[in-house]
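Structural features, examined
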Amino acid sequence: MIPYGRQQITSDDIAAVSAVLTSDFLTQGPMVPAFENAMAAYVGAGYAVACNSATSALHLACLALGLCEGDRLWTSPISFVASANCARYCQADVDFIDVDAQTGLISLDALADKLQDAARRQQLPKIIVVVHLAGHSMDMAAVAALTAPYGIALVEDASHAVGAHDGVAFVGACRYSACTIFSFHPVKLITSAEGGMFMTQTRELAEKVMQLRSHGITRDTAHMTEPSHGAWYYQQLDLGFNYRLTDMQAALGLSQLTRLESFIQRRHALVQRYQQLLQHLPLDLPSQPPQGRSSWHLYIIRLHDDTRRAVVFDQLRQAGIGVNVHYIPIHTQPYYQQLGFCWGDFPQAEQFYSQIISLPLHPSLSDDEQLQVVQVLERALAVTST
Ligand SMILES: *Cc1c(COP(=O)(O)O)cnc(C)c1O
């Protein structure tokens with residue numbers, strides 16, 4: 001099977017992890033801060049806090065921004081469920097903003113309309129989680145122009161967008177957002193096996209997230225409610241979690257980061273080749289955002305005839321092409337239907353979903369494998385059209 005996404009592990013990665021295994025610390029040693037500092041420097045963020053997944057980083061972002069019962073969080077229905085679940089962990093309500101059916105990104109028009117309506121009904125969200133689907137950065141300046149008058153905090157779910165750039169700054173520099181979340185799951189841009197990171201320019205938010213990822217405990221006397229009892233002393237100030245990344249994972253992430261640029265260059269070369277090889281087929285091909293560079297986490301094609309998507313998908317899978325669908329609209333998941341959402345609530349998202357297939361795209365995909373993907377797709381589309 002040629003997978004849609006896959007990690008690339010070199011002997012350098014293995015050596016970096018092995019070195020940690022024989023060192024003094026398997027966790028909470030020097031590698032986690034080294035990885036955090038390297039990521040912060042790379043994207044131009046003031047602070048970085050590593051977590052054991054993007055999901056836990058999203059949860060802590062919501063807590064640090066004060067999301068609680070009675071509050072609302074909005075996000076895109078075309079995302080992984082974690083973008084919405086973070087609100088439910090805080091007992092807050094979730095709602096969705098419909099997408100642009102061409103790109104699958106949140107529609108600015110839909111956002112503007114929904115904000116106006118919510119303002120009238122005094123039901124504005126506290127947080128909006130913006131999703132940079134496929135590694136294409138949303139126009140954050142435009143999003144912020146709409147949300148700033150209402151004081152809504154923006155959280156960027158940049159799980160797909162490590163190394164993406166908006167034309168002025170890297171995603172993660174948080175020019176318009178409170179914070180940005182990265183994922184280091186093996187199918188993403190770089191991996192630490194499991195892992196995620198919280199990026200921000202705000203010291204207080206970073207300190208809050210750092211405390212919450214480790215049980216709500218502080219060892220900083222400046223944050224304590226009474227004088228320290230001695231060098232052993234710590235205080236639990238809040239109900240936190242164990243959401244820490246290990247040093248083994250951080251060593252892998254740090255080693256991978258040195259190859260991020262080459263990963264993205266290879267992804268761009270593969271995308272260019274797909275664009276040429278597929279242009280004659282009855283498909284809508286994805287396009288780059290007008291500014292900056294995409295990290296091209298996913299290559300999502302759209303079939304003109306959505307009634308044939310399942311058949312084409314099955315033919316690709318049967319021929320050993322590990323295609324996938326990103327994503328099933330979150331509001332249609334049974335859990336969200338139980339909360340009152342229905343099919344039909346977000347028609348553009350549902351239209352997008354009905355047409356899409358993600359083709360294999362990852363740095364170790366060879367030219368030959370890519371050609372094989374194209375040939376199988378050509379055949380599948382020809383067969384199903386007759
Ligand atoms: C992968 C992903 C997540 C979750 O990442 P984990 O590190 O697996 O928790 C969240 N949001 C989006 C958009 C993702 O693609």
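Residues numbered from 1 in each chain as written. Predicted model: local features only at pLDDT ≥ 70, side-chain atom pairs only at ≥ 80, totals over all residues. Heavy atoms only, no water.

**Topic: the packing of aromatic side chains**
Within the structure shown, the criterion is met by 13 aromatic pairs. Between the aromatic rings of Phe80 and Tyr327, the centroid separation amounts to 6.5 Å while the plane-to-plane angle is 45°, which identifies the pairing as tilted. Here Phe80, found in the loop between strand E3 (72-75) and helix H4 (82-89), pairs with Tyr327, found in the loop between strand E13 (321-322) and helix H11 (334-338); they are 247 residues apart in sequence, far enough to count as distant. Aromatic rings pair up to connect Phe96, Tyr335, Tyr336, Phe341 and Phe346 into one cluster. The ring of Trp74 carries Lys114 above its face, with NZ or CZ at 5.3 Å from the centroid. (Phe/Tyr/Trp six-rings, centres within 6.5 Å; stacked < 30°, edge-to-face > 60°. Helix = DSSP H or I, 4+ residues; strand = E, 2+ residues; numbered from the N terminus. Lys NZ or Arg CZ within 6 Å of the ring centre and 35° of its normal.)

**Some words on the sheet that holds strand E11 (residues 283-284)**
With antiparallel pairing, three strands are arranged side by side in an open sheet as E11-E12-E14. The strands lining the two open edges of the sheet, one partner per strand, are E11 and strand E14 (356-359). In this structure, strand E12 (residues 299-303) lies alongside E14, joined through four bridges in antiparallel fashion. When the bridges of E14 are listed, Ile300 appears paired with Ser358. Strands E12 and E14 of the sheet are contacted by helix H10 (residues 309-318), whose axis makes an angle of about 20° with E14. (Pairing = 2+ DSSP bridges. Contact = heavy atoms within 4.5 Å. Axes fitted to C-alpha atoms, helices over the stretch in contact; angles between N-to-C directions.)

**Thoughts on the pairing of strand E5 (residues 127-131)**
Most of E5 is tucked away: five of the five residues are buried. Judged by which residues are buried, E5 turns out to be covered on both faces: Ile127, Val129 and Val131 on one side and Ile128 and Val130 on the other are all buried. Summarising the sheet, E3 and E5 pair through three bridges and their orientation is parallel. Bridge pairing in E5 places Thr75 opposite Val129. Inspection of the sheet shows E5 paired to strand E6 (residues 153-157) by five bridges, in the parallel sense. Each residue of the ladder has a partner; that of Ile128, found in E6, is Leu154. (Buried < 20%, exposed > 50% of the residue type's maximum accessible area, 1.4 Å probe, protein only.)

**Focus: the pattern of salt bridges**
This structure, assessed with the given rule, holds 15 salt bridges. A salt bridge links Asp71 to Lys126, with the nearest nitrogen and oxygen atoms 3.1 Å apart. Of this pair, Asp71 sits in the loop between helix H3 (54-64) and E3 while Lys126 is found in the loop between helix H5 (108-120) and E5, placing the two residues 55 residues apart along the sequence. We classify Lys126 as partly exposed; its relative accessible area is 31%. One continuous salt-bridge network, built from bridges that share partners, spans Asp117, Arg120 and Arg121. (Salt bridge = Lys/Arg side-chain N within 4 Å of Asp/Glu carboxyl O.)

**Considerations on the site of the ligand**
Near the ligand you find 14 residues, and of these Thr55, Asp157, His160, Ser183 and Lys188 are the closest. At 2.9 Å, a backbone N or O of Ala54 approaches an oxygen atom of the ligand. Contact distances for the ligand include 3.0 Å between an oxygen atom and a side-chain N or O atom of Lys188. Contact with the protein chains removes 93% of the 380 Å² of surface that the ligand exposes when unbound. At the level of elements, H3 and H4 are the ones that each hand at least two residues to the shell around the ligand. Its residues placed into classes, the shell around the ligand shows four nonpolar, eight polar and two charged. (Near = heavy atom within 4 Å. Polar contact = N/O pair within 3.5 Å; in protein donor to acceptor, adjacent residues only side chain to side chain. Areas by Shrake-Rupley, 256 points an atom, 1.4 Å probe, with all protein chains shown as cover. Nonpolar A, V, L, I, M, F, W, Y, C, P; charged D, E, K, R; others polar.)

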